[in-house]
Amino acid sequence: MTDTTPATAPRATTFTTYSPATGEPIAAHPVNGPEEVSGAVARARTVQAGWAALPASRRREHLLRWKKALAADLDTVARTIAEETGKPAGDAALEVVLTLEHLGWAARNAARVLRRRKVGTGLFTVHQRASLVHRPLGVVGVIGPWNYPLYTPMGSIGYALAAGNAVVFKPSELTPGTGVLLAEAFDAAVPGHAGLLTTVTGAASTGDALARSGVDKLAFTGSPGTARKVMAVCAETLTPFLAECGGKDAVIVTADADLAAAADAIVWGALSNAGQTCAGVERVYAVRDIHAALCERVVERAEALRPGAEAGAPYGPMTLPGQVAVVERHVTGAVSAGARALLGGPESVRAPYVAPVVLTGVPEDAAAMTEETFGPVVAINTVADVDEAVERANASRYALGAAVFCRSGRAGAAIAARLRAGAVSVNSVLGFAAVPALPFGGSQDSGFGRIHGAEGLRAFTSVQSTTVQRFTPPIALTSFAVPAATRERAVRLAQALHRRR
Ligand code: NAD
């Protein structure tokens, strides 16, 4: 739904979601305006203090109970995801499983990661005992995308709740039902904390209201263009902002790589979820010696795949109708700029489905190499060597994920270390996304900040540093009573020490 209502027109009170596969209506949801959003934030603020004051073990119990309830309800949650996104039921179920893994990790590790810990003091502060603690921020606003409508926002929601915050969640207007289900499951599993997690529904105007609502942090997942707009709103009130945006992930394939394994992973990484994965495979750089053999294997696997809505289809329709035109523009543009279509081509685009497209020889300045395609399209270009592959992989304004295929894991890790991506998998694709302890996030147009892992818990806290004076120091430098000569002696002593070490 595009929010184009003029300011003077009467506001729509509901909006309808439609099946991406059939175009049939699914459900109507309220368009929550500034009043509803502010109300949800105010309610969240009143219950957050009680949640934060609970012993960590109680919060953990509550969150694990919510996890168990979601696990028991896996089929219903997966059905809602599949219905709203059009993805195959099996993919939706896998999304729920990945989410449960993360929620469990956040619940079990929050107390350890965020607990008060002592830090060392210095020569002139030996009389102090120093410690720091991570405290919840208060109310966290979460704005989510539609491509992984549960897994992606839960990277913020689950971790923010585990860190002691309340959350107001604005799911994508394409997938509100998944967001509503999530908050309902929380209320049912965690009685007595109503309002701690609230889902508000609507499109851009509802997200904008959340950004203006006085939340203590806004965690946004979506496109870089929207991130810029939301960040500008947050800047007005200095609301901290976390941006998880798009990607143009590259895979590097070395001469000694297992080509069958690489091809298998590339096909899955590029085509699963109809290519609508932020850290999906969009570019491949294969060294010259093995380029043809790799392309042959990729095409062999990809040509067997046909998107559809029927059970067993490898992937479904494009979820966002408007994305079909982007995919078509990228494929057409690449071919007219001299790329060779090894499989499919512009004719593969038959909305709402796009059949697999494998391109090679795509000019590096074509949109298919520089912009996020977000469709089942992969470009496999030739490079002279690993150095050129690294250079090309890094020459993108996106820096989210990447993968390296290489005989030796150690050599692969050395190549990974040269990549700017926020996360790299060696000899698999998207391996990092399934490890809850690993932080996830990117830089440049892929956004900033991290979700998941210890960093993902800390992202929803502020640090308080404390010193407790254990005894009165012989030279109390923070007093006007200190004679100037004593202060001078202390300064010279420090100078002498620092010149030596
Ligand atoms: P989008 O930018 O169109 O929308 C994202 C969210 O922002 C939606 O909920 C939308 O309603 C809301 N929104 C739109 N305009 C707004 C405004 N002015 N103020 C406040 N909120 C507003 O993105 P999308 O199409 O939903 O998602 C696809 C994008 O998300 C892709 O670029 C994809 O790569 C990215 N993504 C990134 C990650 C990650 O973790 N890095 C994960 C999933 C998706």
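Just so we're clear, the structure is a prediction, and the values are computed from it rather than from any experiment.

**Some points on the nonpolar core**
Inside soluble globular proteins, nonpolar side chains tend to come together where they are buried. Counting 79 residues, the largest nonpolar core has W66 and I157 as its most contacted members. Here this core takes ten residues from helix α4 (residues 89-114), the largest share from any one element. Split by domain, the residues of this core number at least three in each of domain 1 (14-245 + 453-462) and domain 2 (249-436). Residues V298, V299, V324 and A393 belong to the second largest nonpolar core, which totals 59 residues.

**Overview of the domain arrangement of the chain**
Each domain of the chain was delimited in the assignment, giving domain 1 (14-245 + 453-462), domain 2 (249-436) and domain 3 (471-500). For domain 1 versus domain 3, the separation of C-alpha centres amounts to 49 Å. Taken together, the four residues of domain 1 in the interface contact six residues of domain 3. Summed over both partners, the interface of domain 1 with domain 3 comes to about 430 Å²; 84% of that surface belongs to carbon and sulfur atoms. Area buried by domain 1 at its contact with domain 3 is led by L123, F124 and H127, which between them contribute 92% of it. Between domain 1 and domain 3 we count zero salt bridges in total.

**Brief notes about the packing of aromatic side chains**
Applying the stated criterion across every chain yields a total of seven aromatic pairs. A ring pair is formed by W146 and F374, whose centres lie 5.6 Å apart and whose planes are at 75 degrees; its orientation type is edge-to-face. Note that W146 is positioned in the loop between β5 (139-143) and α5 (151-162) and F374 in the loop between α12 (367-370) and β16 (377-383), a separation of 228 residues in sequence. Each member of the pair, W146 as well as F374, carries the same accessibility label: buried. An aromatic cluster of at least three residues, connected via ring pairs, comprises W51, W66 and F186. Over the aromatic face of Y148 sits the side chain of K87, whose NZ or CZ is 4.0 Å from the ring centroid. When the ring centre of F460 is taken as origin, the NZ or CZ atom of K217, which lies over that ring, is 5.8 Å away.

**Examining the site of the ligand**
By nearness alone, 28 residues border the ligand, and W146, K170, E173, S223 and E372 come closest of all. In this structure, G222 approaches the ligand through a main-chain N or O atom, which is 3.4 Å from an oxygen atom. S223 is positioned such that a nitrogen or oxygen atom in its side chain is 2.6 Å from an oxygen atom of the ligand. Alone, the ligand offers 850 Å² of accessible surface; in the complex the protein occludes 90% of this.

**A few points about the confidence of the model for the chain**
Mean pLDDT over the chain: 96, with 98% of residues reaching 70 or higher. The low-confidence segment residues 1-7, where pLDDT is below 50, has nine contacts with residues more than four positions distant or belonging to other chains.

**Overview of a positive patch on the surface**
Taken together, R60, R65, K68 and R108 make up a surface patch of like positive charges. Relative to the helices and strands, R60 is located in helix α2 (residues 56-72). Classification of R60 by relative accessible area gives partly exposed; the value is 36%.

**Re the environment of G322**
By the secondary structure assignment, G322 is in the loop between α10 (288-302) and α11 (323-336). For G322, a relative accessible area of 47% translates into the label partly exposed. For G322 and V349, which are 27 residues apart along the polypeptide, the C-alpha to C-alpha distance reads 12 Å.

**Focus on the pairing of strand β11 (residues 281-287)**
Of all seven residues in β11, seven are buried, a share of seventy percent or more. Taken together, strand β10 (residues 249-253), helix α9 (residues 259-271) and β11 constitute a β-α-β crossover, and its handedness is right-handed. In this structure, β11 lies alongside β16, joined through five bridges in parallel fashion. Looking at β16, one finds that R283 is bridged to A379.

**Describing the UniProt feature "domain: Aldehyde dehydrogenase" (unreviewed entry) in the chain**
Mapped onto the present numbering, the UniProt feature "domain: Aldehyde dehydrogenase" (unreviewed entry) falls at residues 12-465. Note that residues 12-465 is 42% helix and 21% strand, and that its end C-alpha atoms are spaced 48 Å apart.

**Notes on the sheet that holds strand β18 (residues 401-405)**
Taken in spatial order, the seven strands line up as β12-β15-β16-β11-β10-β18-β19 in an open sheet, and their pairing is mixed. Only two strands of the sheet have a single neighbouring strand rather than two, namely β12 (340-343) and β19 (423-426). Taken over all neighbouring pairs, the strand axes of this sheet differ in orientation by 25 degrees on average, direction set aside. Summarising the sheet, β12 and strand β15 (residues 357-360) pair through three bridges and their orientation is antiparallel. Looking across to β15, one finds that A341 is bridged to L359. Packing of α10 onto the sheet brings it into contact with β10, β11, β12, β15 and β16, and relative to β11 it is tilted by some 140 degrees. Packed onto the sheet, helix α13 (residues 386-394) meets β10, β11 and β16 and runs at close to 160 degrees relative to β11.

The rules we used
Residues numbered from 1 in each chain as written. Predicted model: local features only at pLDDT ≥ 70, side-chain atom pairs only at ≥ 80, totals over all residues. Heavy atoms only, no water. Core = buried A, V, L, I, M, F, W, Y, C linked by side-chain atoms within 4.5 Å. Buried < 20%, exposed > 50% of the residue type's maximum accessible area, 1.4 Å probe, protein only. Helix = DSSP H or I, 4+ residues; strand = E, 2+ residues; numbered from the N terminus. Domains from an automatic or database assignment. Contact = heavy atoms within 4.5 Å. Buried area = accessible area lost by both parts, 1.4 Å probe. Salt bridge = Lys/Arg side-chain N within 4 Å of Asp/Glu carboxyl O. Phe/Tyr/Trp six-rings, centres within 6.5 Å; stacked < 30°, edge-to-face > 60°. Lys NZ or Arg CZ within 6 Å of the ring centre and 35° of its normal. Near = heavy atom within 4 Å. Polar contact = N/O pair within 3.5 Å; in protein donor to acceptor, adjacent residues only side chain to side chain. Areas by Shrake-Rupley, 256 points an atom, 1.4 Å probe, with all protein chains shown as cover. pLDDT = per-residue confidence, 0-100. Patch = residues over 30% accessible without salt bridge, like charges linked within 9 Å, V, L, I, M, F, W, Y side chains within 5 Å. Lys, Arg positive; Asp, Glu negative; His and termini not counted. Charge placed at Lys NZ, Arg CZ, Asp CG, Glu CD. Right-handed = clockwise from strand over helix to strand, strands pointing away. Pairing = 2+ DSSP bridges. UniProt positions renumbered as here; feature names shortened; annotations may be inferred. Axes fitted to C-alpha atoms, helices over the stretch in contact; angles between N-to-C directions.

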